[in-house]
Every structure is written in C-alpha cells, then in structure tokens.
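# What the coordinates show
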Amino acid sequence: MSQTAPNIGFISLGCPKALVDSEQILTRLRAEGYEITSSYDDAELVIVNTCGFIESAVEESLETIGEALAENGKVIVTGCLGAVGDTVMQNHPQVLAVTGPHALQEVMDAVHAHLPKPHDPFTDLVPDAGIKLTPQHYAYLKISEGCNHRCTFCIIPSLRGDLVSRPIGEVMTEAEALVKSGVKELLVISQDTSAYGVDIKYRTDFWGSRPIKTRMTELAKALGELGAWVRLHYVYPYPHVDEVIPLMAEGKILPYLDVPLQHASPTILKAMKRPGDIEKTIRRIEGWREICPDITLRSTFITGFPGETEVDFELLLDFIEEAQLDRVGAFTYSDVDGATANALPNQVAEELKQERLEQLMALQAQISADKLAAKVGQQMTVLVDGISEDGLLLARSKADAPEVDGVVILDGVENAEAGDLIEVEITGATEHDLIAVQHNP
Ligand code: SF4
C-alpha cells in the first residue's frame, strides 16, 4: 500500500439506509486510492454521514460534527441532516461542504476539491462487493430511495423525495457479488419495499441476459436463487405481498416479514395518513399463516401520537393481542422538525406516552415469551454472528434480523465462527432470546 495515499476519517450515523450510503462512499474512496483511517490525527479530512430523523439524532449529528471540527478541522457533512434547511451551516459554519443523503457524486466532488485524489488509484484492490460496514456475513441491499407516502410524522419524503427504484439488474448484480464475497444473509431495505418498481412501471431490466421485471415478487424469486438467506424489511401489507408468502413456504426466501404498521386505531391511522383498514390486515396475516405456518412477523408501533385517546390505545392493545406478532418494536411519538403532525391538536403528555409504551411492551413481552417457549426442543439452522461483549457466542435463527430482534445464545458450542451455519437444538428461552446447544445427528 502506498505511503502517500491521502487519509480520510469517516463517521457513519443513522439507519441501515444511511449505512448503505456510507458503504458506497467508502467503496468509491478506496477505489480512487484514498485510505480510510479511524484516527482524527491521521486523517487529512473527515466525512460525517448524519441522521436527521428525530431530535436526538439531530443533536448527536451536530455534536459529532463539532467534535470532528475540534479534533481535525476539515469536515465534509453528508446525510439526512444535510437536507434539513441550513441547520448544519448555522451550527457549524466552518464545515467545508454539506450534502443531503444519497449524494455520492457531490460528496466525491467535495473530497476532490479539498483533498485531491492520488494519481495511482488502487482500483484493483477493491473487492467486487465494495467496502461493507456490516460484518462480513450479512449485508443490507438497498433497492430504492425515497417514498411516495406522506405519513404526517415523517420527513423522509421531503428529505429524500419520491420513490426512485434501482433497476433490478443492478440490484441483482450487487447481490450476486455480495454472496460471492461470502455474505450469507441479504437484508432487503428501502422505505417501502412493496412499492419497489412502481415508479418505473415495473420496467423489465436484465440480470445478465435474463429479463426480469423490477418488482418485489420477481426480486424475491431471483434473490432466492443465490443460495443466501434473504430477509424482507419494510413491507407494507398490500394485496400483492401475498405473492411472496409461497416463496417463504418453499424455503426460497426466509419466512420473515417486517411490516411497519405504526398503529391499529382507524382514527390514528387516518391522522398519520397511513392505510387504515386494520381488519383487512388481520385477515391478511391469517392468510399468510395458513400458507406459511412458521412465518415470523415483525412490526413497529408508535404510542402517544397526537389525538390518541384511551379508546385508540385500547384498540392498539387489542390488535397486539389478536395479531400475536413475533417481534414488535415500539416508540413514543416525538415531533420531528418539519413534520406536519407537529401542528396536530391534542398532543399527548410525555408521561402518558411512556406509560402506554410500557403497557404495550409488557403485553408483547408475554406474547414473545410464550412464542419462544414453544420453540424449546426444536431443531433449527442458525447463523453464527460471533462473540458478544459478555463473552457469549451468539447466533440468529431465521426468525431474527440483526440489531432489531432477539438472538440465539449458543451453549457449549466450540469451533464455530461468525458466518457459519450450524444445526442446533433449542434448550431454553427468555422473553426475547433463545438458548441452544449444537445438534449432532
Ligand atoms: S412510509 Fe411513511 S414513515 Fe415510511 S418513509 Fe414513507 S412517509 Fe416516512
């Protein structure tokens, strides 16, 4: 490696979608011959990929930029916060450049302007799959940018614009390269996976010489041929989602669906500007379970949205009870700068939002504990993630997405390392996790 390659520091904040942007920037930087360093002292310039989704993320992003300026002095800012008016410039006028999210070329232009690229790029040293920030054995596959919905609590459409789908040939080529480089699990992400391709009228594209429509079902089928685990995130429960359930039953993709529902009261769903027919959602879930009985369903909910009454909250609890979802994430509502929900009347007191969150999570914890207890004695394949900070060897089953779901704690397993798929028998369960021993047939 060259002694003279310019060094760049990189800080990545925010969600998996921001992480994918970071990976693309890092890949390009390495392809052009820049070195990446984790030390402010060694860096000749620092890039901060920010998040602007909620108030605490804005604060974290601004603090990080401040730290990078104090420690290094030459800072380029990209990501969601860069798209929120001139927040960054007002707080930190010394930054060299600010871009919004998904702005690879603009970031590279700013880098070139302040730290010229070396003459002899190490293009051939960059693996086909690019530089990944996730562990080597799983990868996020971003299939689109932006969103056509206008949920009142969300500013993503104003930050990232309407839905723009990546052509399926490009997505499949990336997925294939990732699997070739050793990735065992592909996590499909976007703002709305079920809308994939709608903006380009499901145009037929080519994966190699094979024509495929840019559409969720076709994508799931093609990804299912690569031999890796394929997990679908952020899927709205539209009727055509039913088409991917048989692929799950046949073992082509993981029997796992992440369906962000946010609430169950028709009044609140309407105020959120989200599809409101929760009865249909229940029927749809029943239908999915008939086709694929071991499907794992994950969802997220918000408590204390403006106007949420005791009756609305009871409807949400009733839904949680009836739907018996496997995994649930929940948050209290908070205003986001620029969101239309901020102006809604009847804001809920902070204490009550928190109380409702705890009530919801207690109910779900019981459902989760019962579901996991029913798995004791089962044999299954798990994907080893590695050793935790407490020295435990951790893995995940098909029912567990990284970061957001539970884990399988491996008891007495030796000779297994991150990325291994091993057979285990479940010996115990807690509220969110399983305990397992290696199964030797
Ligand atoms: S679906 Fe709603 S919450 Fe999700 S990104 Fe689109 S507008 Fe935001």
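Up top is the structure these notes are about.
Notes on the structure in this doc start here. (Residues numbered from 1 in each chain as written. Predicted model: local features only at pLDDT ≥ 70, side-chain atom pairs only at ≥ 80, totals over all residues. Heavy atoms only, no water.)

### Observations concerning the packing of helix α11 (residues 310-323) against helix α12 (residues 350-373)
The angle between the axes and the distance between the axes are what describe a pair of packed helices. Two elements in contact, α11 and α12, have axes whose closest approach is 10 Å; the angle formed by their N-to-C orientations is 15°. Regarding the angle of α11 to α12, the classification is roughly parallel. Every pair of crossing elements has a handedness; the one defined by α11 and α12 is right-handed. Side by side, α11 and α12 meet where Glu310, Phe313, Leu316, Leu317, Ile320 and Glu321 of the first sit next to Arg356, Gln359, Leu360, Leu363, Gln364 and Ile367 of the second. Its residues assigned to classes, the contact of α11 with α12 comprises seven nonpolar, two polar and three charged. (Axes fitted to C-alpha atoms, helices over the stretch in contact; angles between N-to-C directions. Helix = DSSP H or I, 4+ residues; strand = E, 2+ residues; numbered from the N terminus. Parallel < 35°, antiparallel > 145°, perpendicular 65-115°, else oblique. Left-handed = near helix turned anticlockwise from the far one by under 90°. Contact = heavy atoms within 4.5 Å. Nonpolar A, V, L, I, M, F, W, Y, C, P; charged D, E, K, R; others polar.)

### Remarks on the pattern of salt bridges
For the coordinates displayed, the defined rule picks out 23 salt bridges. Two residues, glutamate 250 and lysine 252, come together in a salt bridge whose shortest N-O distance is 3.1 Å. Residue classification places lysine 252 among the partly exposed positions, given a relative accessible area of 40%. Note that glutamate 310 is salt-bridged to arginine 356, the shortest N-O span being 3.1 Å. Of the two residues, glutamate 310 sits in helix α11 while arginine 356 sits in helix α12, which places them 46 residues apart along the sequence. (Salt bridge = Lys/Arg side-chain N within 4 Å of Asp/Glu carboxyl O. Buried < 20%, exposed > 50% of the residue type's maximum accessible area, 1.4 Å probe, protein only.)

### A short note on the site of the ligand
Taken together, Cys147, His149, Cys151, Phe153, Cys154, Ile156, Pro157, Gln191, Tyr236 and Arg274 form the complete shell of residues around the ligand. Of the residues in the shell around the ligand, the class split is seven nonpolar, two polar and one charged. (Near = heavy atom within 4 Å.)

### A few points about the nonpolar core
Membership of the largest hydrophobic core comes to 63 residues, with the highest contact counts inside it found for Leu223, Val244, Leu257 and Phe319. Per element, the largest residue contribution to this core is six residues, and it comes from α11. Sequence-distant contacts of leucine 223, that is, excluding residues within four places in its chain, are made with Leu141, Met172, Ala175, Leu186, Val188 and Val230. In terms of nonpolar packing, the next biggest core, distinct from the first, is built from 22 residues, Leu62, Leu69, Val75 and Cys80 among them. (Core = buried A, V, L, I, M, F, W, Y, C linked by side-chain atoms within 4.5 Å.)

### Points about unusual backbone geometry
Although it is not a glycine, lysine 201 sits at a positive phi angle of roughly 50°. Examined against the element boundaries, lysine 201 turns out to sit in the loop between β9 (185-189) and β10 (204-207). Overall, the relative accessible area of 72% leaves lysine 201 in the exposed class. Of note, glutamate 403 is a non-glycine position whose phi angle comes to about 75°, a positive value. Position of glutamate 403 relative to the elements: it lies in the loop between β17 (393-396) and β18 (408-410). We classify glutamate 403 as exposed; its relative accessible area is 68%.

### So, the packing of aromatic side chains
Scanning all chains against the criterion turns up five aromatic pairs. Judged by centre distance (5.2 Å) and plane angle (75°), the ring pair of phenylalanine 305 and tyrosine 333 falls under edge-to-face. One end of the pair, phenylalanine 305, is in the loop between β14 (296-303) and α11; the other, tyrosine 333, is in the loop between β15 (327-332) and α12, and 28 residues separate them in sequence. Phenylalanine 305 gets classed as buried once you look at its relative accessible area, which sits at 0%. A relative accessible area of 3% means that tyrosine 333 is categorised as buried. Feature note: the residues Phe153, Phe305 and Tyr333 constitute an aromatic cluster, connected by ring pairs. (Phe/Tyr/Trp six-rings, centres within 6.5 Å; stacked < 30°, edge-to-face > 60°.)

### A closer look at the layout of surface pockets
Empty space among the atoms becomes apparent when a probe as large as a water molecule is rolled across them. Here the second largest pocket defines a volume of roughly 380 Å³. Around the second largest pocket sit 17 residues that line it, and Asp294, Thr296, Lys375, Gln378 and Ala399 are the ones nearest its centre. With three residues, the single largest contributor to the lining of the second largest pocket is strand β16 (residues 379-387). Looking at the lining of the second largest pocket residue by residue, the classes come out as six nonpolar, five polar and six charged. (1 Å grid on protein atoms, 1.4 Å probe; cavity = no way out; pocket = protein on both sides within 12 Å on 5 of 7 lines; lining within 4 Å. Points joined across faces, edges and corners; volume = space filled by probe spheres on them.)

### Brief notes about the state of the cysteines
Following the criterion strictly, the structure yields zero disulfides and no others. Of the cysteine sulfurs around cysteine 51, a residue in no disulfide, the closest is that of cysteine 80, at 5.9 Å. (Disulfide = S-S within 2.5 Å.)

### Structural notes on empty space enclosed by the protein
In the structure shown here, the tally under the stated rule is three cavities of 30 Å³ or more. Quantified by volume, the largest cavity comes out at close to 50 Å³. Lining the largest cavity are Thr296, Asp326, Arg327, Ser368, Lys371, Leu372, Lys375 and Ala399. The residue inventory of the lining of the largest cavity, partitioned by class, reads two nonpolar, two polar and four charged. Taken together, Val259, Leu261, Thr281, Ile285, Trp288, Leu297, Arg298, Ser299 and Leu325 make up the lining of the second largest cavity.

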